[in-house]
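Read off the chains here:
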Amino acid sequence: MKNPLIIALDFAEKEEVLSFLGKFPEEKLFVKVGMELFYQEGPDMVRELKAAGHEVFLDLKLHDIPNTVGSAMRRIAGLGCDLVNVHAAGGSEMMKAALEGLDEGTAAGKKRPLCIAVTQLTSTSEEQMRAEQLIPVALNDSVIHYAGLARQSELDGVVCSPHEAKLLNSRFGEGFLTVTPGIRLAEEAAGDQKRISTPGFARQEGVSAIVVGRSITKAADPYEAYLSFKNQWEGVLS
Ligand code: C5P
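These figures come from a predicted structure and were not determined experimentally.

The rules behind each value
Throughout this document, residue positions are counted from 1 along each chain, in the order its sequence is written. Reporting in this predicted model follows two pLDDT cut-offs: at least 70 for local features of residues, and 80 or more for side-chain atom pairs to be given and counted; totals over whole chains, interfaces and linings ignore these cut-offs and use all residues. Heavy atoms from the whole structure form the basis of all side-chain values; hydrogens and water molecules are not counted. Cysteine sulfur pairs qualify as disulfides if the two atoms are within 2.5 Å. Residue exposure (1.4 Å probe, protein chains only): buried if accessible area is under 20% of the type maximum, exposed if over 50%, otherwise partly exposed. Strands pair, by our definition, only if DSSP identifies at least two bridges between them. Strands here are runs of E lasting at least two residues and helices are runs of H or I lasting at least four, both read from the DSSP assignment and numbered beginning at the N terminus. Fitting a line to C-alpha atoms yields each axis, with helices limited to the stretch in contact; the angle taken between N-to-C directions then spans 0 to 180 degrees. Only heavy atoms matter for contacts: two residues are in contact if any of them lie within 4.5 Å across the pair.

(A) Broad picture of the state of the cysteines. Enumeration according to the criterion identifies zero disulfides in this entry. No disulfide involves cysteine 81; its nearest neighbouring cysteine sulfur is the one of cysteine 115, lying 11 Å away. Of the cysteine sulfurs around cysteine 160, a residue in no disulfide, the closest is that of cysteine 115, at 15 Å. We classify cysteine 160 as buried; its relative accessible area is 5%.

(B) View of the sheet that holds strand β8 (residues 209–212). In space, the eight strands of this closed barrel follow the order β1-β2-β3-β4-β5-β6-β7-β8, with parallel pairing throughout. When the angles between neighbouring strand axes are averaged without regard to direction, this sheet yields 25°. When strand β6 (residues 157–159) meets strand β7 (residues 177–180), the two strands line up parallel, connected through three bridges. The residue bridging valine 158 from the neighbouring strand is threonine 178, located in β7. Strands in contact with helix α3 (residues 43–51) are β2 (30–33) and β3 (55–62); relative to β3, the strand with the most contacts, it is inclined by about 155°. Those strands touched by helix α5 (residues 92–105) are β3, β4 (83–87) and β5 (114–118), and its axis lies near 155° from that of β4.

Here's what the structure looks like:
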């Protein structure tokens, strides 16, 4: 995974995905399939995207007992995904079971999918975390703690904000992936994302991969929007 720009395919069904991808001339993309699309279209959607030559981040955020997560990951690896995720709150045993399942499900001669952890969801506020999860620390400390737990469990990285990437890189090494949503071009509106960053800022902070959804999927010209993000991300423009 070499610093990809990952497009979040936040569509309800396959027809919309195909019509969207039809606007990208000959591009092999890195795309994210989330819960809505996966639960509507099932594993065939992932197989189809892989067969078309795209790389796939399957964003299902697994969180269950270790045995169940391990078995699910065995199936997920069989789909040939490139990147998958779990909730770090499931614990180190669960994260290790996820990796074992991925190893077992990866076909001989293929690379096992990278596995990253969600720490605290960006929709969780510090007040909520304290009141509802009874975690009596600063939100940032909880994020760092969970990232450390993911590192210890030998996961490949975390989903985080570009604002946290430098700190996480310095604590856990550049090899520990930081995958960041909430990316907008400077001139765009934030929408429902609270803390947004530009692709250029993410690059400066040493982010490993950016995830961009609506700014590309809902653009009048998605390919042009993709190229704007990609150029800024890759540093052609700043
Ligand atoms: O449309 P937008 O660029 O905000 O989409 C961001 C994508 O990243 C969505 O698929 C969203 O679910 C996902 N995501 C996020 N924040 C997180 C984790 C995932 O926005 N903390």
